[in-house]
Amino acid sequence: MEQAKALLGLLLLVPALAAEPLRDSLREELLLSPLPSGDLAATFQFRTRWDSDLQREGVSHYRLFPKALGQLISKYSVRELHLSLTQGFWRTRSWGQPYLQAPAGAELWVWFQDSVADVDKAWKDLSNILSGIFCASLNFIDSTNTVTPTASFKPLGLANATDHHFLRYAVLPREVVCTENLTPWKKLLPCSSKAGLAVLLKAERLFHSSYHSQAVHIRPICRDGACLTSSWELRQTLTVVFDSFATGQGKKDWSLFKIFSRTLTEACPLASQSKIYVDISSKGQENELLEVTPAPQSVHEASVQGNRRTYAVYDLLDPGLFNVSRSLNVQLKWKRPQDSLDLAAPVLHAQRYVSGYGLQTGEISTLVYNTHPYRAFPVLLLETVPWYLRLYIHTLTIITKGKENKPSYIHYQPAQDRRRPHLLEMLIQLPANSVTKITIQFERALLKWTEYTPDPNHGFYVSPSVLSALVPSIIAMKEEDEELSPLFASLFPSSDGSSYFVRLYTEPLLVNLPTPDFSMPYNVICLTCTVVAVCYGSFYNLLTRTFHVEEPSRGGLAKRLANIIRKMRGVPPL
Amino acid sequence: MGLLSDPYRRRALARLLLRLNTPLCALSFAAGLGWFLGLAFQPCTLRAYMSENAMGSTMVEERFAAAPRALAYARQFAGHKKAARGMPVAWLEKTMWNLGLEVYKQTFSRTLPFPDELRERYMVKGTNVYGILRAPRAASTESLVLSVPCSEGQHNNQAVGLMLALASYFRGQIYWAKDIIFLVNEHDLIGMEAWLEAYHDVNVTDVLSSGMLGRAGAIQAAISLELSSDVITSFDVAVEGLNGQLPNLDLVNLFYAFCQKSGLLCTIQGKLQRSDWDSLPAYLHSLQTMLLMVLKQGSGRPQGDHGLFLRYHIEAITVHGINSFRQHKYDMGTVGKTLEGMFRKLNNLLERLHQSYFFYLLPSLSRFVSIGVYMPAFGFLILILVLKALDLWMKLSRCDVDPAEQPCDGDPVGPVASEEPKPSLLTLVPPLLICHATGLALYSLPILGLRMATRHFPVSESEAVVLTAIAIYVAGLALPHNTHRVLTGAGSDRGWMMLKLLSLLYLAMQLGCIALVNFSLGFLLAVTLVPVAAVVQPTGPKPLQAVLLVLVTPAATLLFCIFLYQELVECPITVLEGWQQFLQAIAEGLLDHHLYGSIVFPLVALFVYPCWLLLWNVLFWK
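These figures come from a predicted structure and were not determined experimentally.

Cut-offs used in this document
- Residues numbered from 1 in each chain as written.
- Chains lettered and ligands numbered in written order.
- Predicted model: local features only at pLDDT ≥ 70, side-chain atom pairs only at ≥ 80, totals over all residues.
- Heavy atoms only, no water.
- Helix = DSSP H or I, 4+ residues; strand = E, 2+ residues; numbered from the N terminus.
- Rg over C-alpha atoms; globule rule 2.2 N^0.38 Å.
- Buried < 20%, exposed > 50% of the residue type's maximum accessible area, 1.4 Å probe, protein only.
- Areas by Shrake-Rupley, 256 points an atom, 1.4 Å probe, with all protein chains shown as cover.
- Lys, Arg positive; Asp, Glu negative; His and termini not counted.
- Charge placed at Lys NZ, Arg CZ, Asp CG, Glu CD.
- Axes fitted to C-alpha atoms, helices over the stretch in contact; angles between N-to-C directions.
- Parallel < 35°, antiparallel > 145°, perpendicular 65-115°, else oblique.
- Left-handed = near helix turned anticlockwise from the far one by under 90°.
- Contact = heavy atoms within 4.5 Å.
- Nonpolar A, V, L, I, M, F, W, Y, C, P; charged D, E, K, R; others polar.
- Pairing = 2+ DSSP bridges.
- Phe/Tyr/Trp six-rings, centres within 6.5 Å; stacked < 30°, edge-to-face > 60°.
- Buried area = accessible area lost by both parts, 1.4 Å probe.
- Salt bridge = Lys/Arg side-chain N within 4 Å of Asp/Glu carboxyl O.
- UniProt positions renumbered as here; feature names shortened; annotations may be inferred.
- Polar contact = N/O pair within 3.5 Å; in protein donor to acceptor, adjacent residues only side chain to side chain.
- Domains from an automatic or database assignment.

A word on the overall build of chain B. When helices and strands are tallied, chain B shows 21 helices and 13 strands. For 622 residues, the compact-globule formula gives about 25 Å, and the C-alpha radius of gyration of chain B, at 28 Å, lands near that figure. In terms of overall dimensions, chain B has a C-alpha envelope of 90 × 60 × 45 Å along the principal axes. Taken over 622 residues, chain B has a buried fraction of 57%. Counting only carbon and sulfur atoms, one obtains 64% of the accessible surface of chain B, whose full area is about 25,300 Å². Each charge sign in chain B was given a centre, from 47 positive and 46 negative side chains, and these centres are 2 Å apart.

With that settled, consider the packing of helix α5 (residues 89-98) of chain B against helix α6 (residues 157-171) of chain B. Residue and element names in this part refer to chain B. For the pair α5 and α6, interaxial distance at closest approach is 10 Å and the crossing angle is 25°. Here α5 lies roughly parallel to α6, going by the angle between them. Regarding α5 and α6, the two cross each other, and that crossing is right-handed. Of the residues in α6, those in contact with W91, L92, T95 and M96 of α5 are V160, M163 and L164. In terms of residue class, the contact of α5 with α6 is made up of six nonpolar, one polar and no charged.

Turning to the sheet that holds strand β8 (residues 234-238) of chain B, a few remarks are in order. All names here are of chain B. Strand order in the open sheet made by the ten strands is β6-β2-β3-β5-β4-β7-β11-β8-β9-β10, with mixed pairing throughout. Each edge of the open sheet is held by one strand with a lone partner, namely β6 (208-209) and β10 (271-272). Here strand β7 (residues 218-226) runs beside strand β11 (residues 315-322); their pairing, made up of six bridges, is parallel. What sits directly across from L225, in β11, is V319. Along the sheet face, α6 touches β3 (121-133), β4 (142-150), β5 (179-186) and β7 and points at about 160° away from the line of β5. Against the sheet, helix α8 (residues 249-261) engages β7, β8, β9 (266-268) and β11, with an angle of about 35° to β11.

Below, the discussion takes up the sheet that holds strand β21 (residues 422-430) of chain A. Residue and element names in this part refer to chain A. Pairing is antiparallel across the open sheet formed by five strands, whose spatial order is β20-β21-β17-β24-β25. The open sheet has two edge strands, β20 (409-413) and β25 (499-505), and neither has a second partner. With strand direction ignored, the average angle separating the axes of adjacent strands in the sheet is 15°. As judged from the seven bridges shared by strand β24 (residues 466-472) and β25, these two strands associate in the antiparallel manner. Looking at the pairing, S468 lines up with R503 of β25.

Two measures describe an aromatic ring pair: the distance that separates the ring centres and the angle between the ring planes. Taken as a whole and assessed by the stated rule, the structure comprises 43 aromatic pairs over all chains. On the numbers, 6.1 Å between centres and 90° between planes, the contact of Y277(A) with Y311(A) is edge-to-face. Of this pair, Y277(A) sits in strand β10 (residues 273-279) while Y311(A) sits in strand β13 (residues 307-315); the two residues are 34 residues apart in sequence, bridging distant segments of the chain. Residue Y311(A) is classed as buried on the basis of its relative accessible area, which comes to 0%. Ring pairs connect the aromatic residues F64(B), Y169(B), F170(B), Y175(B), W176(B), F182(B) and F343(B), which therefore count as one cluster.

All right, on to the interface of chain B and chain A then. Contacts between the two partners involve 42 residues from chain B and, on the opposite side, 42 residues from chain A. Between chain B and chain A, a total of about 3,600 Å² is buried, with carbon and sulfur atoms accounting for 59% of that surface. Linking chain B to chain A there are two salt bridges. One salt bridge connects R171(B) with D243(A), and the closest N-O pair in it is separated by 2.7 Å. Contributing elements (two or more residues each) for the side of chain B that touches chain A: α1 (2-5), α2 (7-19), α5, β2 (102-116) and β7 of chain B.

A few words now on the pattern of salt bridges. Throughout the structure, instances matching the rule amount to 28 salt bridges over all chains. With a shortest N-O distance of 2.6 Å, R174(A) and D455(A) are connected by a salt bridge. Linking R174(A) in the loop between β6 (167-172) and α5 (179-187) with D455(A) in the loop between β22 (434-444) and β23 (460-462), this pair joins segments that are 281 residues apart in sequence. Look at the salt bridges and you will find they share partners, linking D116(B), R119(B), R301(B), E588(B) and D592(B) into a network.

A few words on the UniProt feature "transmembrane region" (unreviewed entry) in chain B. Residues and elements named next belong to chain B. If you check UniProt for "transmembrane region" (unreviewed entry), the listed places come out as residues 20-41, 368-387, 462-481, 501-534, 546-565 and 599-621 in our numbering. Here residues 368-387 runs as 85% helix and 15% strand, with 31 Å between its end C-alpha atoms. In the segment residues 501-534, helix accounts for 97% and strand for 0%; the C-alpha atoms at its two ends are 10 Å apart.

All names here are of chain B. With respect to the helices, strands and loops of the structure, D305 is situated in the loop between α9 (280-299) and β11. There is no salt bridge for the buried D305, and the closest opposite charge comes from R121, which lies 8.7 Å off by N-O distance. Side-chain polar atoms of D305 contact the side chain of N185, separated by 3.2 Å. If sequence neighbours within four positions are ignored, D305 has contacts with S147, P149, N185, D188, L189, M192, S224 and T318.

So, on to the domain arrangement of chain A. When the parts come together, some accessible area is lost, and that loss is often what is quoted as the size of the interface. Residues and elements named next belong to chain A. As far as domains go, chain A holds domain 1 (22-334), domain 2 (348-479 + 487-511) and domain 3 (520-545). Taken over C-alpha atoms, the centre of domain 1 sits 25 Å from the centre of domain 2. Surface buried jointly by domain 1 and domain 2 totals about 3,800 Å² across both partners, of which 63% is contributed by carbon and sulfur atoms. Counting the contacts that link domain 1 with domain 2 gives one salt bridge. The residue makeup of the side of domain 1 that touches domain 2, split by class, is 19 nonpolar, 16 polar and nine charged.

Encoded structure:
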């Protein structure tokens, strides 16, 4: 009887629990935007928000938030974690400013809580565990490629103190990203790839593209407007750029089915929001250049990255969407073929290359372009260069419009052989409509023969440099409520209405180091040793001594006598 | 080595060396020359093989069906080139853009030190247009280059057409791992040099060029294409680059392998390979091929646009389509397939080409002589100088040790007058200085004195430069009559022996260094200079020696090489034509140095010629 009462009590309690506001929520979103070059970028964002304090011990019940990551956060006292795995390079010049920028290869940066005593150890353990979770070679992160930037990477979420000693940053430009990294990433999604937008994530299409980048961002955010307590936010993002030229035989029309070979039939049942945004903003005078089918349910106007943009919105949770047909296949057609040789270059873009020839010295040059017609702005440049390129910091020159440009802030940490890389951070003012050339010379070190990679003649990678800037926008941007605005607009906070934050990565560099001939080291060693052993002694003899012929002398009387005695004894003479 | 520490044996050895010096030298020369000639004999060479595993056999079928398109592009290009009277920049940009490439252009200008009369250019202004095919999902760290020179007249139109057709085919493929740069360069080598310098952001020669917007990382390999007819009968490959640098042998092997695969005839130095090898004509054929390579490499001139890539450690070859009177012709499809196959193999490369040889000679495309095999030939020649130097050294030191003894027993030179005051090493300084000063004048005056020469003499600028150079060269011959009067110990036997010892060692060192950089040049100089350098001395028949010495001077060697080359390519020339070509070659040598940084002219003017002058001084010591 008692048991039955208890059971009844429990049953009564259930509605009470349900009435409580949901402690975790999922929003999913797909943004399809045609790029200036005519290619198509698809950006997926899945945001899981959990109103729970993960740092406190004893959190054991996970619903939407992946347990693997949650435990990681509490075990290593992580405050913020940003991991991106990218195959390819975002070509800012022809594709414009990306919503979420990532360098080629793997990038990991983590802010730890102030309570962490040994940050380096936590960082090492964390990267090893992440390596296991994402099947990536993050275990190659060690002290030779880890840096602590002082200014470039600020916490993106809620943070009181920003003591950069709790920050670690590393890039592995050589990392190759493929299906094996995508699968564990998909598994972290609440609906996996069974329902919702994630059904489009099929590896054979995602890797048949010009650019593929997947990322995980974890940060604490305000729970509500008052911001008295914090919640945890996990953003999983994936950006793919499809080459419309190669697939469409010159035509730039696309549809969901054509690019993903799938259509959408439902939203993820666990999601509280599931939307598709299609960028239909027109460039100035000719509007109505393109046509989207089916007709969008609503149109959202926003100012993103200094531009006014118009988006057609499809809400998958709206039952009206699937009334007409059972599946949603968004299509876009261009009414007129658009061809223009000159693309409008984005306000900030950069290029980096190695100049010079030969295997002794070289020069790393970075060109930073500010194409803003009248506004100058500062940019924060972060360079991480491996120790085997010995930078000569006195050769650092920054030239803008033929004149020397003095950085207003400079932080340089020289490398230590086999222990840590060079770190160079500079705040450089970019005048309006200018190109700034930053060059620094280096010498190529000769490595120990066991330190070469198995393919030494391929070259060694130098990680991309990072440019962070608040770019003044040409139009006025209005503040939007973060909860209402599309997800893609809300990761980086904009400081005010007149500028927006941009982070850019340049290309990674491939540098050849002087390489011995590894084809037959054993033979070479044997031959060299033999030649040295045989020749050295004799040549040394010849060079340092003179030889004279000495006539044998008869010897003294005593010796003669002694010899006679020895002869009698039968002993050989002296 | 113990042989040398034992005084008795040492003395015996020294005596042997002294007595048998001349026969040993003769033997060594014969061995060196014989060895070199033997290199072309097939059993002495190695069969070419692909060392790079990444370029090994794959089950790939080359496909290229855009042959009509290539010809259409070629016709359009020819039309636009005619209309634009030069490079049709706008048309190229638009066409490449429509093919889906990232298009960039680079303008450059260069004023030559003196007008190039052969190609009629002085102030050169041009534009290079290039399109970059971005490899999907690659971070632009590596790239390949296909370059085509935009030449004057009707040349190379088909090459541009084929390149564009290849670009459009490549653009549709998804397997590229490296970016591919399609480059059309104006003013052949000058444009190429300007492009390479801008790409690597260096300024080696004084080309003024606009900066470069588009880059694609480290270039791994390059192929330069020259094609002037719709159909071809064979492909010729040029390997010799600037300063005699050669591309990795694997690249040549790759070309050969693909020609074999698609059944194309391929030649090197314009010579088709013979099927037999054991007859005299077959041997002579491969000897001709090899000698042509030696002459071309020795000249230090790039034999095609590829030659300039080599400085930047980019392996490159020039492929030249030839349309001769042979019956069987190949169309663009076959040519395109061959190039497509080569690019796909290069695309597979994981590392830079490094597995195979960088130093080799090619008696035919399927056979090669590696550095280990050909170096002994040169070693034998250098041995002569060492033997002679040892001989002189021992004669000199013997006189030092025992001046009271019979003066330097039994040497054929005659007794050394030991009662004369011993000249110190200091006496060698004036001839050395004067000879090098002459060399310096030969290097710098032709360009510096250009204005003055044209003002005072009725000659063109180019003639002025060449004639000044020849005048200084010849004036150097008058030096000994002026120098040895200055010397205190002049006229003594010790004096000339010391000078000869010095110049022999100096020559040996120079030739050794040259042979390491450019074997052919070293060998050509050695085979002419060494025997005469060994023989020359102030006693004996002076006029004969003087004639011999003049015959082996570097300038005379150049003249002989021109005649030899013309013989080998089977179009003999008269003496007058030879002289014309000789003058032209000097002007070209100077231009190559100033335009591309070729080191042959400064090397000869600053080092080999002064060394030869030292020997001339030895001859006229008394």
